[in-house]
Amino acid sequence: MSPRMPTPTEMGSVTEKTLRITWSDGHLSQYSWHALRVSCPCAACKGEWTTRRHLDPASIPTQIRAMRIERVGAYALRPIWSDGHSTGIYPFNYLRHDLCECDECTARRASAAP
Amino acid sequence: MNSQLPLGREQVLEALRDVQDPELHKSIVELDMVRDIQIQDGTVKVEALLTIGACPLRETIITSIEERVRQLPGVRSVQVSLGVMTQDQRQALIGKLRGGEASPIRRSSFLTADSPTRVIVVASGKGGVGKSTVTVNLAVAMRQAGRRVGIMDADVYGFSIPRMLGVSGQPTIIDQMIIPLEKDGIRVMSIGFLLPSEGEAVVWRGPMLHKTLTTFIGEVHWGDDLDYLLIDLPPGTGDVSITLAQTLPQSHMVIVTTPQVAAVNVAQRAAKMAEKVNMEVIGIIENMTGYQPSPDVPPVYIFGRGGGLRLAEMLGVPVLGEIPLDPAIREGSDVGIPVVTSHPESPAGRAFREAAQRLCERVPVLVG
């Protein structure tokens, strides 16, 4: 069995400037609301079949933020955004490994990129 | 007068605390179902309120009230009259049963991450491997071992739990709250109970499945005292599986497979789904392992050998049981008497009991 995915042990409030998540593996992640919204993995934002389509970041208000964040089962978070969007389900793995904006994770992703 | 022992309302009320509503499994006093108590010359009159007028178990309630009160000293006769709750009283009762939570999706106790109920999802990659048979026999074996068990039949199109467990009828519905049916102490909910007949087909698209499942989870009164809730999934990784994965904050998966290599590869997909939604696979049950017509001839491995073990090794989880082919299993499923009840000492009966025991060891309930 592959190791269980990291889960949030502590989450910051949606009223803060950035989203903070402390993970079960001890890592502390930070996310800017705008980047998180642009990375929405739902079919409407990302396309149903490929990852080619990208949401135009300019189409998202710079001041966007989540009104609240719901847990989905045991594996994901669903933000309800101030622009009314709410269909994006962000799996913990995606948040922890692909979206975390801390220096360490940003550097790791940059070196892994082709 | 002639009554030597002063018999008070408090004493009667205290005695009634032991009387449970047979469907809601809670004290009728706690549920505010006792409306009035009158005592005169050793005659006790109790007026109780039923949740709905057509309560199928009204006689049971009357008898248990009479039995309790008659045991009190100084009681010469007991008269029980039953009324029916008003809409407001029912709503208050439902509120109480749901732990006072107003939010509709927090109704079931196992919808919280720290629920004492262990939710076990019985899955397979493809159909026809015997998921429902395994679910029913595991549940009965767990019940026989003293656990409080529920079965949710999530196989909406291919529901078969009602027949296999020999339970039919319509659930009592108190406003929007559905009381599961009960068989030998196992609480059961299936779409089969809501259809006019067993032959009726469910021809629905995804959104209706989602609605049914969320109703089964959120609006069925499973009770807050269940040790295990077994969920019989439909085959594969479709709508129902996704809804459950997105709704249950904690659940474990048991994968059922046949020994065939082809089945194993498909079963692996169920495990893949579990990984994606962070559900822990706790073990494999291999069904239809081999057929041994009598103890003095070697078993015949009709579907090949070793599939369960191979899958278990691939996933790094244990094989919880290998269930031999046995006509008694099929017969039991058809007449509604699971093989662990009808042939407890048969190889299949023993295999199911051992599997249930290993399962309980893998996912222990909190002792408290």
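K.L.:
Would you explain the sheet that holds strand 3 (residues 77-84) of chain B in this entry?
P.N.:
Through backbone hydrogen bonds, the strands of a sheet pair up, either in parallel or in antiparallel fashion. All names here are of chain B. The strand order 1-2-3 describes an open sheet built from 3 strands, whose pairing is mixed. Two strands close off the open sheet at either side, each with one partner strand: strand 1 (34-40) and strand 3. When strand polarity is set aside, the average angle formed by the axes of neighbouring strands in this sheet is 15°. Bridge analysis of strand 1 against strand 2 (residues 43-50) gives 6 bridges, and the strand direction is antiparallel. Bridging across to strand 2, Ile-37 finds its partner in Val-46. Lying on the sheet, helix 1 (residues 9-16) is in contact with strand 1 and strand 2; it crosses strand 1 at an angle near 130°.

K.L.:
Which parts of the structure should I look at to understand the packing of helix 4 (residues 131-144) of chain B against helix 12 (residues 347-362) of chain B?
P.N.:
For any two helices packed against each other, the geometry is given by the interaxial angle and the distance between the axes. All names here are of chain B. Following both chains from N to C, one finds helix 4 and helix 12 inclined at 75°, their axes separated by 8 Å at the closest point. Between helix 4 and helix 12, the interaxial angle falls into the category roughly perpendicular. Contact residues: Asn-137, Leu-138, Ala-141 and Met-142 in helix 4; Phe-352, Arg-353, Ala-355, Ala-356, Leu-359 and Cys-360 in helix 12. In terms of residue class, the contact of helix 4 with helix 12 is built from 8 nonpolar, 1 polar and 1 charged.

K.L.:
Is there a simple way to explain helix 7 (residues 239-247) of chain B in this structure?
P.N.:
Val-240, Ser-241, Thr-243, Leu-244 and Ala-245 of chain B are the residues of helix 7 of chain B that are buried. On its buried side, helix 7 of chain B packs onto strand 4 (118-123), helix 6 (206-218), strand 10 (228-232) and helix 8 (261-276) of chain B.

K.L.:
Can you walk me through the pairing of strand 1 (residues 8-11) of chain A in this structure?
P.N.:
It is a general feature of regular strands that their side chains alternate between the two faces of the sheet. All names here are of chain A. Strand direction decides the pairing type here: strand 1 and strand 2 (residues 18-23), joined by 3 bridges, are antiparallel. Across the sheet, the residue bridging to Met-11 is Ile-21, located in strand 2. Connecting strand 1 to the next strand, strand 2, in antiparallel fashion are 6 residues.

K.L.:
Is there a simple way to think about the sheet that holds strand 1 of chain A in this case?
P.N.:
Residue and element names in this part refer to chain A. Read from one edge to the other, the open sheet built from 3 strands follows the order 1-2-3, with strand pairing classed as antiparallel. The sheet terminates laterally at strand 1 and strand 3 (28-32), the two strands that pair on one side only. Sheet twist, expressed as the mean angle between neighbouring strand axes with direction ignored, is 25°.

K.L.:
Before we go on, may I ask you to explain the packing of helix 1 of chain B against helix 2 (residues 58-70) of chain B in this structure?
P.N.:
Residue and element names in this part refer to chain B. Contact geometry of helix 1 with helix 2 gives a least axis separation of 9 Å together with a crossing angle of 130°. What the angle tells us is that helix 1 and helix 2 run oblique. Crossing geometry of helix 1 relative to helix 2 is assigned as right-handed. On helix 2, the residues touching Val-12, Ala-15 and Leu-16 of helix 1 are Ile-65, Arg-68 and Val-69. Here the contact of helix 1 with helix 2 is composed, by residue class, of 5 nonpolar, no polar and 1 charged.

So, how was this worked out
Residues numbered from 1 in each chain as written. Chains lettered and ligands numbered in written order. Predicted model: local features only at pLDDT ≥ 70, side-chain atom pairs only at ≥ 80, totals over all residues. Pairing = 2+ DSSP bridges. Helix = DSSP H or I, 4+ residues; strand = E, 2+ residues; numbered from the N terminus. Axes fitted to C-alpha atoms, helices over the stretch in contact; angles between N-to-C directions. Contact = placed C-beta atoms within 7 Å. Parallel < 35°, antiparallel > 145°, perpendicular 65-115°, else oblique. Nonpolar A, V, L, I, M, F, W, Y, C, P; charged D, E, K, R; others polar. Buried ≥ 20, exposed ≤ 12 C-beta atoms within 10 Å, placed from the backbone. Left-handed = near helix turned anticlockwise from the far one by under 90°.

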